[in-house]
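Examining the three-dimensional arrangement
Chain residues, written in single-letter form:
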Amino acid sequence: MNKIYLDNAATTPVKKEVVEAMLPYFTENFGNPSSVYQLAQINKKAIDEARETIAKCLGANTNEIFFTSGGTEADNWAIKGIAEVSKGKGNHIITSKIEHHAILHTCEYLEKQGYEITYLDVDSEGMVNPEDVKRAIKDTTILITIMYANNEIGTIMPISEIGKIAKEHNIPFHTDAVQAIGQVKIDVKEQNIDLLSLSGHKFNGPKGIGVLYIKRGLKIGTFIHGGAQERGRRAGTENVPGIVGLGKAIELAYEHFDDKVARLTTLRDELIEGLIRSIPYCKLNGHKTDRLPNNVNIGVEFVEGESLLLLLDMNGIAASSGSACTSGSLDPSHVLLALGLPHEKAHGSVRFTLGEQTTKEQIDFVIEKMPPIVQRMREMSPLYEDFLKTNK
Ligand SMILES: *Cc1c(COP(=O)(O)O)cnc(C)c1O
């Protein structure tokens, strides 16, 4: 068992209060919310309450919140649903090169169906330039989808600026905010966001439950067909325990919001500075300040990221080399490549993502353990040996 869990961008532990809120909905409150008797009405009420809490946190109306099976489904629904209803208008979608695969692979699927996708470049810190969004707009553009914050490097995008541009051009704007929820304050109305995806398990809620916020009046196709649940727009018997858990998790995530963000930011910067100070030839990936309070992504030269992860693991530290989806494959991260990093540097990167349970002692432990591990790995690296010879 890992003692120090620093992979909270992959998933987070479910809080005890969340589990407790969910439990009755597995057992005594097991009714199908679509039924008419009281047992069902209790569940219907619980769903409505969760919907209200989520709407409040986003600055949305309750009838704009639709439950899905997670972030991936919400992303699929947003993109395919807009593509479907926009056939008469156009076939062009604008996104970025560093989106999550739930976005990128959906766009690639649509490309095969004849849609045209613009994958915007990002700068060396992972930032999309709003001017590039503006320049990419065509008469045929039907959707702009840019993530709120990147899951690998933590860069927070200029969402309000992009929202403004989308509104000026009357183009629906979707943002994958899965990583941002609980870490960045979001207001869908103020920021002109038409569609937003979130996922319970990234902020101490359960897995398998998410939300697509759909601005009232926006035309979007149905993605899951069947019964009349979610006002006929997303069929399937509601995941009542999941919905209740998601509601509780977002409520807790918004409690003491500023204090929590301040604490995480301090720990984050301690870890970044501690590692950069004690490990030569390493550098921070992503933006220094427009960055998720929990994200540390360090490029370490002359080491292979996957081996570094194994050695960290042997020291009880759970970290990641990028997204959980690309780990295990030998392809370097598409995000790090989009920053302009050469393959070998993209391979030598490690991501630590902090959570509410992370302590200063844990951060200090990583700062103590990692430099000697890197040193030992480099001593075995022919690349490093060559480098030392030529740079004497
Ligand atoms: C985790 C994640 C997703 C996928 O959400 P699931 O609920 O796991 O399907 C989508 N986008 C981003 C940015 C993520 O981090």
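Residues numbered from 1 in each chain as written. Predicted model: local features only at pLDDT ≥ 70, side-chain atom pairs only at ≥ 80, totals over all residues. Heavy atoms only, no water.

Attention shifts here to the overall build of the protein chain. In terms of helices and strands, the protein chain carries 14 helices and 12 strands. For the protein chain, whose C-alpha radius of gyration is 22 Å, the value lies close to the compact-globule estimate of 21 Å for 392 residues. If one aligns the C-alpha atoms of the protein chain with their principal axes, the spans along those axes are about 75 × 55 × 35 Å. Taken over 392 residues, the protein chain has a buried fraction of 57%. Long-range pairs, those at least 24 residues apart, make up 73% of the contacts in the protein chain with a sequence separation of at least 6. About 17,200 Å² of surface is accessible on the protein chain, with carbon and sulfur atoms providing 53% of the total. Across the protein chain, the 43 positively charged side chains and the 51 negatively charged ones have centroids separated by 2 Å. (Helix = DSSP H or I, 4+ residues; strand = E, 2+ residues; numbered from the N terminus. Rg over C-alpha atoms; globule rule 2.2 N^0.38 Å. Buried < 20%, exposed > 50% of the residue type's maximum accessible area, 1.4 Å probe, protein only. Contact = heavy atoms within 4.5 Å. Areas by Shrake-Rupley, 256 points an atom, 1.4 Å probe, with all protein chains shown as cover. Lys, Arg positive; Asp, Glu negative; His and termini not counted. Charge placed at Lys NZ, Arg CZ, Asp CG, Glu CD.)

The biggest cluster of nonpolar side chains holds 66 residues, and the ones touching the most others in it are Leu58, Ile144 and Ile186. Here this core takes eight residues from helix α8 (residues 240-253), the largest share from any one element. Beyond its immediate stretch of four places on either side in the chain, Ile186 contacts Cys57, Leu58, Tyr148, Ala177, Ala180, Ile181, Gln191, Ile193, Leu196 and Tyr254. Membership of the second largest hydrophobic core comes to 29 residues, among which are Ile4, Leu267, Leu312 and Ile363. (Core = buried A, V, L, I, M, F, W, Y, C linked by side-chain atoms within 4.5 Å.)

Our next topic: the sheet that holds strand β3 (residues 92-96). With mixed pairing, seven strands are arranged side by side in an open sheet as β2-β8-β7-β6-β5-β3-β4. With one partner strand each, in any of the chains shown, β2 (65-68) and β4 (116-120) form the two edges of the open sheet. For this sheet, the mean inter-axis angle between neighbouring strands, taken without regard to orientation, is 20°. Against the sheet, helix α4 (residues 101-112) makes contact with β3, β4, β5 (141-145) and β6 (173-176), and its axis sits at roughly 145° relative to β4, the strand it touches most. (Pairing = 2+ DSSP bridges. Axes fitted to C-alpha atoms, helices over the stretch in contact; angles between N-to-C directions.)

Turning next to the domain arrangement of the protein chain. On domain assignment, one finds that the protein chain holds domain 1 (4-11 + 257-390) and domain 2 (16-253). Between domain 1 and domain 2, the C-alpha centre-to-centre distance is 29 Å. Contacts between the two partners involve 30 residues from domain 1, matched on the other side by 31 residues from domain 2. For the domain 1 and domain 2 pair, buried surface summed over both sides reaches about 2,600 Å², with 52% attributable to carbon and sulfur atoms. When residues of domain 1 are sorted by the area they lose upon contact with domain 2, Phe257, Leu292 and His334 head the list and together hold 24% of the total. On the surface where domain 1 and domain 2 come into contact, there are one salt bridge. Between Lys185 and Asp258 there is a salt bridge whose closest N-O contact spans 3.4 Å. (Domains from an automatic or database assignment. Buried area = accessible area lost by both parts, 1.4 Å probe. Salt bridge = Lys/Arg side-chain N within 4 Å of Asp/Glu carboxyl O.)

With that settled, the discussion passes to α8. In this model, α8 (14 residues) spans 20 Å end to end at C-alpha, consistent with the 20 Å of a helix rising 1.5 Å per residue. Burial within α8 is extensive, with 12 of its 14 residues counted as buried. Inspection of α8 places Val240, Pro241, Gly242, Ile243, Val244, Gly245, Leu246, Gly247, Ala249, Ile250, Leu252 and Ala253 among the buried residues, and these make up the whole buried set. Packing partners of the buried residues in α8 comprise α1 (16-22), α2 (38-58), β2, β7 (195-199), β8 (210-214) and α9 (257-278). You can read the cap of α8 off the contacts: a side-chain oxygen lies 2.9 Å from the backbone nitrogen of Gly242, and it is on Asn239. (Expected span 1.5 Å × (residues − 1). Polar contact = N/O pair within 3.5 Å; in protein donor to acceptor, adjacent residues only side chain to side chain.)

What follows deals with empty space enclosed by the protein. On inspection of all chains with the given rule, the structure shows two cavities of 30 Å³ or more. Looking at the largest cavity, it is lined by 19 residues, and the ones nearest its centre are Thr12, Gln183, Lys202, Phe203 and Asn204. Taken together, the residues of the lining of the largest cavity sort by class into seven nonpolar, eight polar and four charged. When residues of the lining of the largest cavity are sorted by domain, at least three fall in each of domain 1 (4-11 + 257-390) and domain 2 (16-253). (1 Å grid on protein atoms, 1.4 Å probe; cavity = no way out; pocket = protein on both sides within 12 Å on 5 of 7 lines; lining within 4 Å. Points joined across faces, edges and corners; volume = space filled by probe spheres on them. Nonpolar A, V, L, I, M, F, W, Y, C, P; charged D, E, K, R; others polar.)

Taken as a whole and assessed by the stated rule, the structure comprises 21 salt bridges. The partner of Arg351 in a salt bridge is Asp7, and the shortest N-O contact between them spans 3.0 Å. Of this pair, Arg351 sits in strand β12 (residues 349-353) while Asp7 sits in the loop between β1 (4-5) and α1, and the two are 344 residues apart along the sequence. Overall, Asp7 belongs to the buried group, its relative accessible area being 13%. Here Arg135 ties to Asp132 by a salt bridge, and the two come within 2.7 Å at their closest N and O atoms.

With that settled, the discussion passes to unusual backbone geometry. At Asn170, a position not held by glycine, the phi torsion is positive, near 60°. Mapped onto the secondary structure, Asn170 falls in the loop between α6 (159-168) and β6. Taking the relative accessible area as the measure of exposure, Asn170 reaches 70% and is therefore exposed. In this structure, Glu230 is a non-glycine residue whose phi angle is positive, near 50°. Secondary-structure assignment places Glu230 in helix α7 (residues 229-232).

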